[in-house]
Amino acid sequence: MKITRIKFIMIMFIIFLSAGFIGTSVLGSTTAVTQSARGFVAPNVNTSLILNNGQVESFWSEITSYQNISEFGEGGFVKFANNETHLFSLIVYPQSNDWVSIEFEPEPEVCMANLNDGWSFYVNQNPDQIEARDIQFVGTVMPDNDVQMDISTEEIFDSSLVYLEVVRPFETGDTDGFDIAFYNGSLNMMQFASKDDHIGFHEDFYLLITDKLLGEGSADPDVDIPVGANLGQIKFILLGVTPVGILVFIGFHAFRRVVSSPIEHKYTRIVDNDHNPPSFMERWRETFSSK
Amino acid sequence: MAETKSETSKPKAIETEQILSVERYKRSQRIHHWIHVVLMIFFLFTGLELFLGMYFLGDYSDTRLFHVIFGVFIGFWDLIVFPAIVIRFKKYGELIPTPRDFLDMFIIFLCYIRILPDSKYPHYDYYNVDKKKYIMKYHPAQKVLSLSNLIAIFGMGVTGVVLSEQSNAGHVPSIIVDIFNLILLPLGWFAIDIRLVHFLIFLYFLTTTMVHFYFAIIPQNRERLRGMITGKEKIHLKKS
């Protein structure tokens, strides 16, 4: 079979289309892949966290599973613990940060997803105090407060840092607030944000509730999480890849079409009274006709 | 006959060449273009600041306010003033892409990847000497761009207003917000994030702006660029 120019063009077109479909199919299946993540193990401390005693509970210093949270700013970090019925958290961040927030997610996804559970903490500078809110996310807008507030807190201000102890029952029964139900062995994802850092990419951390007592088991086990379509990451990748791709095209075009082999007609204009712009069919014939 | 600036004679003497200085863009077109450029630079820059969370002038609130102000003005400038200029000077024939333009783009692509020889590269500037005007003067991609830009500006406005109202409600009449929400309803059916669409339109502008800037400054387009600055360009008229 003789391959004419038209046939060659059509074959190339079909190859491009096929590549597009195959590429899309491959990318679409990546949600089934898992990857390791950083996160928190909340060990069983076998006691209650006592609030309103003016001090940070001593067991926090024995918990070695913690993460520095860059979104909170200099000195910000978080720890978790439990006592089989309640989740405890120690949240530390600079007092200058007007608010910090935690979003609990069933799985990794875009931040501020509709109907996700969360906590927000606002600093009132004068007098120094924290306003704690049990919240639900309603998209990329100010979250709604739950009607039923299920978190209790105590704040201690020290060296320009806020030390915030938080207590929440595993089961709140607040279905209207879309509260996550924690339990021994539960694994959820979470993201952090603050007034100083709430736009752009946020890392997904896991939170693993365990019945192992302090000192038992690994403080930093390998946990696989499903890789979802994290839009924050995708956006940053696109923002980096797009200009680079364009610059490559520009460089290639400049070398090929400006320097080494400029177009034959040199982009010159048709200047006379005899020529009119061709119609679609005229252009087609003058380009693809075998004559 | 168009104004003759200079005349050069060549040793061959068979063919003489005149250089004509002709009008390429009207003043209103140039003013519109350059104000659009300035607004777009600030618009994209403030958008990038908000995305990255890095603020060079003021804080988040100031940057967001600037972004919204530039956005509103660009919407007015491109969706109202630009069509008004096109209609006033009857430029729709020049600017609205035809099926032939899409064919031209396809041919240009085939020439670029060397499936077609350069001799097939289509001409896209036709100047009629007697009528003293271009009867066709834009690269087909420019025509597609001028239309897709309007669609993108509209898309930016719709998603931008809805996002803004989600954060700070009450700044836009509710009837407009309702209409815009209705336009964006299909995104909800497919669980597509409005902020992602806003971002993708930003990438569209980033891409087209970079490519447009590159083609504007290459030597072959020097006269066309001069036309966008002074209004006139020099073209060659060959006479046998």
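Here we summarise the structure given alongside this text. (Residues numbered from 1 in each chain as written. Chains lettered and ligands numbered in written order. Predicted model: local features only at pLDDT ≥ 70, side-chain atom pairs only at ≥ 80, totals over all residues. Heavy atoms only, no water.)

### Concerning the sheet that holds strand 4 (residues 133-136) of chain B
Think of a sheet as strands paired side by side through backbone hydrogen bonds, with each pair either parallel or antiparallel. Read across the open sheet, the three strands follow the order 15(A)-3(B)-4(B); overall the sheet is mixed. Only two strands of the sheet have a single partner each, and these edge strands are strand 15 (270-272) of chain A together with strand 4 of chain B. Within this sheet the neighbouring strands show an average axis-to-axis angle of 25°, counted without direction. Note: strand 3 (residues 126-128) of chain B against strand 4 of chain B, three bridges, orientation antiparallel. The residue of strand 4 of chain B that forms the bridge with Tyr127(B) is Tyr134(B). (Pairing = 2+ DSSP bridges. Helix = DSSP H or I, 4+ residues; strand = E, 2+ residues; numbered from the N terminus. Axes fitted to C-alpha atoms, helices over the stretch in contact; angles between N-to-C directions.)

### Considerations on the packing of aromatic side chains
Scanning the model with the defined rule gives 26 aromatic pairs over all chains in all. Both rings, one in Trp119(A) and one in Phe121(A), keep their centres 6.4 Å apart while their planes meet at 70°; by these two values the pair is edge-to-face. Of the two residues examined, Trp119(A) and Phe121(A), each falls in the buried class. Measuring from ring centre to ring centre gives 5.9 Å for Phe73(B) and Phe76(B), while their planes differ by 40°; the resulting arrangement is tilted. (Phe/Tyr/Trp six-rings, centres within 6.5 Å; stacked < 30°, edge-to-face > 60°. Buried < 20%, exposed > 50% of the residue type's maximum accessible area, 1.4 Å probe, protein only.)

### Topic: the nonpolar core
One broad trend across soluble globular proteins is that nonpolar side chains are buried collectively. Met40(B), Phe202(B) and Phe205(B) are the most contacted members of the largest nonpolar core, which has 34 residues in total. Only helix 2 (231-260) of chain A together with helix 1 (27-52), helix 2 (60-88), helix 5 (140-167) and helix 8 (194-217) of chain B provide two or more residues apiece to this core. Apart from the residues within four sequence positions on either side, Met40(B) is in contact with Ile74(B), Ile153(B) and Phe205(B). Grouped together as the second largest cluster of nonpolar side chains are 28 residues, Trp119(A), Ile130(A), Val162(A) and Met190(A) included. (Core = buried A, V, L, I, M, F, W, Y, C linked by side-chain atoms within 4.5 Å. Contact = heavy atoms within 4.5 Å.)

### With respect to the side chain of Asp117(A)
Residues and elements named next belong to chain A. Mapping aspartate 117 onto the fold places it in strand 7 (residues 117-124). A distance of 3.1 Å separates the side chain of aspartate 117 from the side chain of arginine 168, its partner in a polar contact. Apart from the residues within four sequence positions on either side, aspartate 117 is in contact with Ile102, Glu103, Phe104, Asp134, Ile135, Phe137, Asp146, Arg168, Gly177, Phe178, Asp179 and Ile180. (Polar contact = N/O pair within 3.5 Å; in protein donor to acceptor, adjacent residues only side chain to side chain.)

### Some points on the interface of chain A and chain B
Contacts between the two partners involve 49 residues from chain A and, on the opposite side, 62 residues from chain B. Summing both sides of the interface, chain A and chain B together bury roughly 5,400 Å²; the carbon and sulfur share of this comes to 66%. At the boundary of chain A and chain B, one finds two salt bridges. Between Arg283(A) and Asp104(B) there is a salt bridge whose closest N-O contact spans 2.6 Å. At the boundary of chain A and chain B, one finds 11 residue pairs in polar contact (both at pLDDT 80 or more). (Buried area = accessible area lost by both parts, 1.4 Å probe. Salt bridge = Lys/Arg side-chain N within 4 Å of Asp/Glu carboxyl O.)

### Points about the environment of Phe121(A)
All names here are of chain A. Along the chain, phenylalanine 121 turns up in strand 7. Put simply, phenylalanine 121 and tryptophan 99 are 22 residues apart on the chain and 5.5 Å apart in space, counted from C-alpha to C-alpha. If near-sequence neighbours (up to four positions away) are discounted, phenylalanine 121 is found in contact with Ile91, Tyr93, Asp98, Trp99, Val100, Ile130, Glu131, Ala132, Ile151, Thr153, Leu164 and Val166.

### Details of a nonpolar patch on the surface
Residues Ile31(B), Ile35(B), Phe73(B), Phe76(B), Leu79(B), Ile80(B), Phe154(B), Ile175(B), Ile176(B), Ile179(B) and Ile183(B) make up a contiguous nonpolar surface patch of roughly 930 Å² in combined accessible area. Relative to the assigned elements, Ile80(B) resides in helix 2. (Patch = residues over 30% accessible without salt bridge, like charges linked within 9 Å, V, L, I, M, F, W, Y side chains within 5 Å. Areas by Shrake-Rupley, 256 points an atom, 1.4 Å probe, with all protein chains shown as cover.)

### Focus on the packing of helix 1 of chain B against helix 9 (residues 222-230) of chain B
Residues and elements named next belong to chain B. The geometry of helix 1 relative to helix 9 is characterised by a closest axis approach of 8 Å and an angle of 95° between their N-to-C directions. Between helix 1 and helix 9, the crossing angle belongs to the class labelled roughly perpendicular. For the pair formed by helix 1 and helix 9, the contact residues are Arg30, His33 and Trp34 on the first element and Gly227, Met228, Ile229 and Thr230 on the second. Tallied by class, the residues present in the contact of helix 1 with helix 9 amount to three nonpolar, three polar and one charged. (Parallel < 35°, antiparallel > 145°, perpendicular 65-115°, else oblique. Nonpolar A, V, L, I, M, F, W, Y, C, P; charged D, E, K, R; others polar.)

So, to be careful, I would describe these as geometric facts and stop short of saying anything about function.
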